[in-house]
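Structural overview
Spelled out from the first residue to the last, the chains are:
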Amino acid sequence: SQDLIQAVKNDTDRSKIIDQLANIPMQTLAAALETDAEKKAFFINVYNGFVQHILMKNPEKFEDRDEFFKAKQITIAGKELSLDDIEHGVIRGSKVKWSLGLIQDPFAGDFEKNFRVSETDPRIHFALNCGATSCPYVAVYGAENLDAQLDFISRQFLNRTSEYKPGENKVYVTSLISWFRGDFDGLDGAREMLKEYDVIPEDADPELEFKDYDWTLELGNFTKLGV
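Our subject in this report is the structure included herewith. These figures come from a predicted structure and were not determined experimentally.

Calculation rules
Residues numbered from 1 in each chain as written. Predicted model: local features only at pLDDT ≥ 70, side-chain atom pairs only at ≥ 80, totals over all residues. Heavy atoms only, no water. Axes fitted to C-alpha atoms, helices over the stretch in contact; angles between N-to-C directions. Helix = DSSP H or I, 4+ residues; strand = E, 2+ residues; numbered from the N terminus. Parallel < 35°, antiparallel > 145°, perpendicular 65-115°, else oblique. Left-handed = near helix turned anticlockwise from the far one by under 90°. Contact = heavy atoms within 4.5 Å. Nonpolar A, V, L, I, M, F, W, Y, C, P; charged D, E, K, R; others polar. Buried < 20%, exposed > 50% of the residue type's maximum accessible area, 1.4 Å probe, protein only. Pairing = 2+ DSSP bridges. Phe/Tyr/Trp six-rings, centres within 6.5 Å; stacked < 30°, edge-to-face > 60°. Polar contact = N/O pair within 3.5 Å; in protein donor to acceptor, adjacent residues only side chain to side chain.

Below, the discussion takes up the packing of helix α1 (residues 2-10) against helix α4 (residues 36-57). Running from amino to carboxyl end, α1 crosses α4 at an angle of 30°, the nearest separation of the two axes being 8 Å. Classified by the angle between their axes, α1 and α4 sit roughly parallel to one another. When you trace α1 past α4, the crossing you get is left-handed. Residues Gln-2, Leu-4, Ile-5 and Val-8 of α1 pack against Asn-45, Val-46, Asn-48, Gly-49, Phe-50, Gln-52, His-53 and Met-56 of α4. Looking at the contact of α1 with α4 residue by residue, the classes come out as 6 nonpolar, 6 polar and no charged.

Below, the structure is given as structure tokens:
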């Protein structure tokens, strides 16, 4: 999965990597992805790599975003998956897409059950790139140092996209927090995260205002993780 990101970034041939991901035996992949950190790192890279790969080849697919995220266009270990399957089924632990992160899907399939994380990590929302201008940047993630990497990318993204206005007692933040507020332990949990990453002061209790999301197609936004 790391090789896929590098190949996309360098715009080199990635057909062999995609073939390897498609044909790895499921048991082999499952044995390699035993922990939540291993699952998150692998599938974040897969998600980001395929978003870039698919839209570099066919940018017109982004015109119907609903279909783009629902289409079964990625094969991992013999299983055809959509971007929604990877994000909401695996990386978010079988959460229903438009439930604000509050409802778990009772109809998860076997692949999803085998590979989904056991605990939803809200920081993944600042690591997944969906191809739009407002999306987080793309980086290469690894299980060994994933916690520090997700802290780094969360701090980077939140400080880059948030605006604290103490005079209004408001902080303007990404709509991702609103869409998936259950993943953040509600808005109070989101405020605590904003304090943790120095977006707002420890003693502040501002109202959260959600910025409009810019869905303009924008590819090639890569960053290096400073950890």
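In this section: the packing of α1 against helix α2 (residues 15-23). Where α1 contacts α2, the axes come no closer than 9 Å and their chain directions differ by 155°. Relative to α2, the element α1 lies roughly antiparallel. Once α1 is placed against α2, the crossing between them reads as left-handed. Each of Asp-3, Leu-4 and Ala-7 in α1 lies in contact with α2, whose residues at this interface are Ile-17, Ile-18 and Leu-21. Class assignment for the residues of the contact of α1 with α2 results in 5 nonpolar, no polar and 1 charged.

What follows concerns helix α6 (residues 83-91). Across the 9 residues that make up α6, a large majority, 8, are buried. Every buried residue of α6 is accounted for by Leu-83, Asp-84, Ile-86, Glu-87, His-88, Gly-89, Val-90 and Ile-91. Looking at the residues trailing α6, positive phi occurs at Gly-93, about 75°.

Moving on to the sheet that holds strand β4 (residues 170-173). Consider a sheet: its strands pair through backbone hydrogen bonds, and that pairing is either parallel or antiparallel. With mixed pairing, the 3 strands of this open sheet are ordered in space as β3-β4-β5. Both edges of this open sheet fall to β3 (163-165) and β5 (207-210), since each of them pairs with a single strand only. This sheet shows a mean twist of 20° between the axes of neighbouring strands, independent of strand direction. Summarising the sheet, β4 and β5 pair through 4 bridges and their orientation is parallel. Across the sheet, Val-173 pairs through a bridge with Phe-210, a residue of β5. Running at roughly 90° to β5, helix α10 (residues 186-196) makes contact with β4 and β5 of the sheet.

Scanning the entire structure with this criterion turns up 11 aromatic pairs. Between the aromatic rings of Phe-68 and Phe-69, the centroid separation amounts to 5.1 Å while the plane-to-plane angle is 65°, which identifies the pairing as edge-to-face. Phe-69 carries the same exposure label as Phe-68, and that label is buried. Three or more aromatic residues link up through ring pairs in this structure, and these residues are Phe-42, Phe-43, Phe-111 and Phe-115.

On to unusual backbone geometry. A positive phi angle is found at Ala-77, which is not glycine, with a value near 50°. Mapped onto the secondary structure, Ala-77 falls in the loop between β1 (74-76) and β2 (79-81). We classify Ala-77 as buried; its relative accessible area is 9%. The residue Asp-198 is not glycine, and still its phi comes out positive at about 65°. Relative to the helices and strands, Asp-198 resides in the loop between α10 and β5.

Moving on, we come to the side chain of Thr-161. Of note, Thr-161 is situated in helix α8 (residues 146-161). For Thr-161, a relative accessible area of 15% puts it in the buried group. A polar contact is formed between the side chain of Thr-161 and the backbone oxygen of Phe-157, at a distance of 2.7 Å. In this structure Thr-161 touches Tyr-172 and Lys-211, once residues within four positions along its chain are discounted.

Of note, Met-26 is situated in helix α3 (residues 26-32). Residues Met-26 and Glu-196, spaced 170 residues apart in sequence, show a C-alpha to C-alpha distance of 38 Å.

What follows concerns the pairing of β4. Of the two faces of β4, the one lined by Val-171 and Val-173 is fully buried and the one lined by Lys-170 and Tyr-172 carries no buried residue. Bridge count between β3 and β4: 3 bridges; the pairing is antiparallel. Note on β4: the bridge partner recorded for Tyr-164 is Val-171. In this structure, the hairpin formed by β3 and β4 is closed by a connection of 4 residues, where Asn-169 is found at a positive phi of approximately 55°.

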